[in-house]
Amino acid sequence: MLVLRTIAETRTTCARIRLAGKTLGLVPTMGALHEGHLSLVRAAQASCDAVAVSIFVNPTQFGPKEDFASYPRTLEQDCRILEAAGVDLVFAPSVQGMYPSGASAFVEVAGLSDRLDGASRPGHFRGVATVVAKLLNIFAPERAFFGQKDAAQVAVLRKMVHDLRFAVQVEVCPIVREPDGLAMSSRNRNLSDIQRRQALILSRALLTVQRKAQGGEHESSKLLAEALGVLAGEPGAELDYCRIVDPDTLEDIPSVDRGALVAVAARVGTTRLIDNLLL
Ligand code: PAJ
C-alpha cells in the first residue's frame with residue numbers, strides 16, 4: 001500500500017492507474033477509522049479496480065469553537081487497518097499542501113449549506129464542499145464513496161458534483177451501527193461509559209419514528225412529537241435539531257408519504273452526535 005503525502009505524487013499515481021486501464025474509487029475520510037469507514041472501502045473494492053483513501057482532518061469544516069485541535073488523529077493505526085483491508089493508496093496531505101498560504105477559493109453550495117448541520121455549524125459545509133472538490137480534482141476518481149451517516153453532507157456533495165459537472169459517480173453506503181444501535185463515529189471514542197449509554201437515545205428516537213411510520217402515521221408533526229418525547233427522556237443529551245426533511249433539498253416536509261429523511265443531532269457532554277433514518 002502506498003502512503004503519499006503530496007498532491008504531485010498522488011496525481012502521478014492516479015494517472016498511472018488510469019493508464020493501466022483501471023477504475024479508481026476514492027473514500028475521503030478524516031481518519032480515526034472504524035467499521036463505518038471500512039464499509040465504504042469494501043463497497044469501493046467491490047466496484048473499482050483500485051481504491052484510494054484520503055485521511056485529512058480538514059480545518060475549514062470546523063468552526064472556531066469546535067474540536068479541530070482535539071479531533072482524534074491516529075494515522076499509523078489507520079494505515080495498518082487500511083493495509084490489512086487491501087487498500088491500494090492512502091493520501092495524507094498536510095494542511096499547507098491542501099490550503100497553500102493565501103488560499104481564498106471556496107466552494108459554496110448555496111441554500112443546502114445552511115440547512116440541518118449547516119444551520120448549527122455555519123461554514124461547515126463550505127469547508128466540506130471545498131475539500132471534497134479539491135480531492136476530486138486531485139484524484140479524478142470514477143466513483144467516490146460517502147456514508148449515509150452524514151445525510152446532509154451527502155445532499156450537499158451530490159448537488160456540488162451535479163452543479164460543477166464533476167465526472168464522478170457519488171456512491172452512498174448505509175449507516176454502520178454498534179450492536180446496540182449507536183451509529184459508529186470517530187467522535188464516539190470521546191464518550192465516557194455513561195455518555196455512551198446516553199447517546200443511545202438518538203437511535204432510539206429514530207427507531208420509534210420508524211415503528212410509528214410503519215404503523216401508518218405519515219404526518220411529520222406527529223412523528224416529530226414522538227421523537228421529541230423519546231429524546232426528552234434523556235436529559236444527558238442536549239438536542240440540537242430533530243427534523244423530517246426531503247433528503248435532496250433538506251427542507252422540512254409535512255408528510256413522509258413520498259419518502260423522507262429523519263435527522264437528529266444532539267450534544268452528549270461536549271461531543272456532538274448525529275444520526276438519521278431514511279423512510
Ligand atoms: P469522516 O467523518 O471521517 O467520515 C468519512 C466518511 O465515512 C463519510 O462519508 C461518512 O459519512 C462515513 N461514515 C462515518 N461514519 C459512518 C457510519 N457509521 N456508517 C457509514 N458511513 C460512515 O465525513 C467526513 O469525514 C468529512 O466531512 C469528509 C467527507 C472526509 C470531508 O472532510
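Predicted model, so just to flag it, every value in this text is computed and none were measured.

Peer 1: How would you summarise the overall build of the protein chain if you had to cite specific residues and measurements?
Peer 2: Helices and strands together make up the secondary structure of the protein chain, namely 10 helices and 9 strands. Radius of gyration (C-alpha) of the protein chain: 19 Å, near the 19 Å computed for a compact globule of 279 residues. Taken over the C-alpha atoms alone, the protein chain extends approximately 55 × 40 × 40 Å along its principal axes. Residues counted as buried form 51% of the 279 residues belonging to the protein chain.

Peer 1: Any chance you could break down the site of the ligand for me, citing the residues and the numbers?
Peer 2: The environment of the ligand is made up of 20 residues, and the closest members are Q61, D150, Q153, V176 and M184. Note that an oxygen atom of the ligand is positioned 2.6 Å from one of the side-chain N or O atoms of Q61. One nitrogen or oxygen atom from the side chain of Q153 is found 2.7 Å from an oxygen atom belonging to the ligand. In isolation the ligand offers 630 Å² of accessible surface; the protein chains occlude 95% of this area. When residues of the shell around the ligand are traced back to their parent elements, those giving at least two are β2 (24–29), α2 (35–47), α6 (124–139) and β5 (143–147). Among the elements that make up the shell around the ligand, the one with the highest residue count is α2 (3 residues). By residue class, the composition of the shell around the ligand is 10 nonpolar, 8 polar and 2 charged.

Peer 1: Can you break down the sheet that holds strand β3 (residues 50–55) residue by residue, with the values?
Peer 2: Taken in spatial order, the 6 strands make up an open sheet running β1-β4-β3-β2-β5-β6, and their pairing is parallel. The strands lining the two open edges of the sheet, one partner per strand, are β1 (2–4) and β6 (169–173). Ignoring strand direction, the axes of neighbouring strands in this sheet form an average angle of 25°. Both β2 and β3 contribute to a ladder of 6 bridges, which runs parallel. Looking at β3, one finds that G25 is bridged to V51.

Peer 1: How would you summarise the side chain of T74 if you had to cite specific residues and measurements?
Peer 2: The residue T74 is located in the loop between β3 and α3 (75–84) in this model. Since its relative accessible area comes to 19%, T74 is described here as buried. With residues near it in sequence (within four places) discarded, T74 still touches A32, L33 and R189.

Peer 1: Can you tell me about the sheet that holds strand β7 (residues 237–245), naming the residues and giving the values?
Peer 2: The 3 strands lie next to each other as β7-β8-β9, forming an open sheet whose pairing is antiparallel. Two strands bound the open sheet, and with one partner strand each, they are β7 and β9 (271–278). Ignoring strand direction, the axes of neighbouring strands in this sheet form an average angle of 15°. Of the strand pairs in this sheet, β7 and strand β8 (residues 261–268) are connected by 8 bridges, and their pairing is antiparallel. Within β8, the residue paired with L239 across the bridge is A266. Where helix α10 (residues 220–232) meets the sheet, it contacts β7 and β8, and its direction lies at approximately 165° from that of β7.

Peer 1: Lay out α3 with the relevant residues and their values.
Peer 2: Along an α-helix, residues three or four positions apart point the same way, because every turn accommodates 3.6 residues. Burial in α3 covers these residues: D78, C79 and L82. Around the axis of α3, the buried residues are gathered within 100° of arc, so they sit on the same side. Facing away from the buried side of α3, by more than 90 degrees, are the exposed residues E76, R80 and A84. Residues of α3 that are buried make contact with β1, α2, β3 and β4 (89–91). One or two positions beyond α3, positive phi appears at G86, with a value near 85°.

Peer 1: For the domain arrangement of the protein chain, give the residues involved together with the corresponding values.
Peer 2: Examined at the domain level, the protein chain breaks down into domain 1 (2–173) and domain 2 (186–278). Measuring from the centre of the C-alpha atoms in domain 1 to the corresponding centre in domain 2 gives 26 Å. Contacts between domain 1 and domain 2 engage 22 residues on the former and 19 residues on the latter. The interface formed by domain 1 and domain 2 includes 3 salt bridges. Measuring nitrogen to oxygen at the nearest pair gives 3.8 Å for the salt bridge that ties E251 to R115. At the surface where domain 1 touches domain 2, the tally comes to 11 residue pairs in polar contact (both at pLDDT 80 or more).

Scoring rules and cut-offs
- Residues numbered from 1 in each chain as written.
- Predicted model: local features only at pLDDT ≥ 70, side-chain atom pairs only at ≥ 80, totals over all residues.
- Heavy atoms only, no water.
- Helix = DSSP H or I, 4+ residues; strand = E, 2+ residues; numbered from the N terminus.
- Rg over C-alpha atoms; globule rule 2.2 N^0.38 Å.
- Buried < 20%, exposed > 50% of the residue type's maximum accessible area, 1.4 Å probe, protein only.
- Near = heavy atom within 4 Å.
- Polar contact = N/O pair within 3.5 Å; in protein donor to acceptor, adjacent residues only side chain to side chain.
- Areas by Shrake-Rupley, 256 points an atom, 1.4 Å probe, with all protein chains shown as cover.
- Nonpolar A, V, L, I, M, F, W, Y, C, P; charged D, E, K, R; others polar.
- Pairing = 2+ DSSP bridges.
- Axes fitted to C-alpha atoms, helices over the stretch in contact; angles between N-to-C directions.
- Contact = heavy atoms within 4.5 Å.
- Arc of directions from axis to C-beta.
- Domains from an automatic or database assignment.
- Salt bridge = Lys/Arg side-chain N within 4 Å of Asp/Glu carboxyl O.

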